[in-house]
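Letter by letter, the chains look like this.
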Amino acid sequence: MKDLDSASSPLTSPAGETHAKEEQFHDEWARGSNLGEADVLRAFEAPTAQENRFIVSRLGDLRGKRLLDVGAGLGESSVRFALLGADVTALDLSPGMLEVAARLAGQCGVKITTVHSPGENLAVESASFDVVYIANTIHHVTSKRALLAEIHRVLRPGGAFYSWDPLKYNPVINLYRRLATKVRTDDESPLGIGDLALMREFFPDLQHREFWFLTQALFLKYFLLDRVHPNADRYWKRILSETDASLRWWRPLQRLDEWIARIPGVRWLAWNTVAWGTKPHPNNAA
């Protein structure tokens, strides 16, 4: 395992300043959280958990596989994968988040390993994981190229990575970002077309699928009808509290979204993109 002190950027550098700000923000979030807020099942099985449902459908049997959860946050994903039989390492820049994740794992009767580390220099051994999962994290790092190189490094040949992150093109989501100043950091950089091309440099078989087009109307409902200001509640967490009954009006929009996601130009107006690929075996590398 890498030495963590040497892996972290000096706090006097721009990257180090960003890391410090991100760590402080997420530590404060962790201090204000409780285990009841981290709903492991709903994060993967709620009707609105479209990205995770899709990823799990592709992962297959995780029993006995080593999985690295980069940007593990409160630990919902780490614990869910551990419940599915994976040997999970939860990695995050925030010690506070990792503490909550470890307690959540204990409450759910599973064990996870926690590692405090920035994403741009992962403090784990090379070629040691079968799967890397990274959710809502790529748009936080100071160097996407460095992060992707690290993901490639820590995967075993033939190992797979799965990510999901927001895209930068939709005007409704961009308005939300401008309003939600207290529940997000100001150094975020949502993904663009070029970032998917960058992923393909490391993972030549990269595929991606986009989610949330017309279904973004749920955000408009929260703001216009429910009168919930974006700073009063994290909308991307609030959606997990929805049920089949509350989403009867939303389901037709979801079915239309499945068609919209197939349109090459229009699909970039989605909220989130799921990307996945495998690390080539050395004899297959270009």
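Residues numbered from 1 in each chain as written. Predicted model: local features only at pLDDT ≥ 70, side-chain atom pairs only at ≥ 80, totals over all residues. Heavy atoms only, no water.

Bringing the overall build of the protein chain into the picture now. Scanning the protein chain from N- to C-terminus turns up twelve helices and seven strands. Relative to all contacts within the protein chain whose residues are 6 or more apart in sequence, the contacts with residues 24 or more apart total 77%. Surface accessibility of the protein chain: about 13100 Å² in total, with carbon and sulfur atoms responsible for 54%. (Helix = DSSP H or I, 4+ residues; strand = E, 2+ residues; numbered from the N terminus. Contact = heavy atoms within 4.5 Å. Areas by Shrake-Rupley, 256 points an atom, 1.4 Å probe, with all protein chains shown as cover.)

Right, let's talk about the nonpolar core for a bit. In this structure, L67, F81, Y133 and I239 are the most contacted members of the largest nonpolar core, which totals 46 residues. For this core, the element with the highest residue contribution is helix 6 (residues 95-107), accounting for four residues. Counting residues in hydrophobic clusters, the runner-up holds 32 residues, among them V124, V154, L155 and F202. (Core = buried A, V, L, I, M, F, W, Y, C linked by side-chain atoms within 4.5 Å. Buried < 20%, exposed > 50% of the residue type's maximum accessible area, 1.4 Å probe, protein only.)

Overall, mixed pairing links the seven strands, which are arranged 3-2-1-4-5-7-6 in an open sheet. Two strands lie at the open edges of the sheet, namely strand 3 (113-116) and strand 6 (207-211), each paired on one side alone. Across this sheet, the average inter-strand angle for adjacent strands is 15 degrees, counted without regard to direction. As paired strands, strand 1 (residues 66-70) and strand 2 (residues 87-92) are joined by five bridges and run parallel to one another. (Pairing = 2+ DSSP bridges. Axes fitted to C-alpha atoms, helices over the stretch in contact; angles between N-to-C directions.)

A word on helix 5 (residues 76-83). For helix 5, the buried fraction is high: seven of the eight residues fall into the buried class. Those residues of helix 5 lying buried are E76, S77, S78, V79, R80, F81 and A82. The first or second residue beyond helix 5 is G85, which carries a positive phi of 105 degrees.

Moving on: a nonpolar patch on the surface. On the surface, a nonpolar cluster with roughly 390 Å² of combined accessible area is contributed by Y169, I193, I263, V266 and L269. Relative to the helices and strands, I263 is located in the loop between helix 12 (251-260) and strand 7 (272-278). (Patch = residues over 30% accessible without salt bridge, like charges linked within 9 Å, V, L, I, M, F, W, Y side chains within 5 Å. Salt bridge = Lys/Arg side-chain N within 4 Å of Asp/Glu carboxyl O.)

Scanning the entire structure with this criterion turns up twelve salt bridges. For E45, the salt bridge goes to R80, with nearest N and O atoms at 3.0 Å. One end of the pair, E45, is in helix 3 (residues 42-45); the other, R80, is in helix 5, with 35 residues separating them in the sequence. Note on E45: relative accessible area 42%, which makes it partly exposed.

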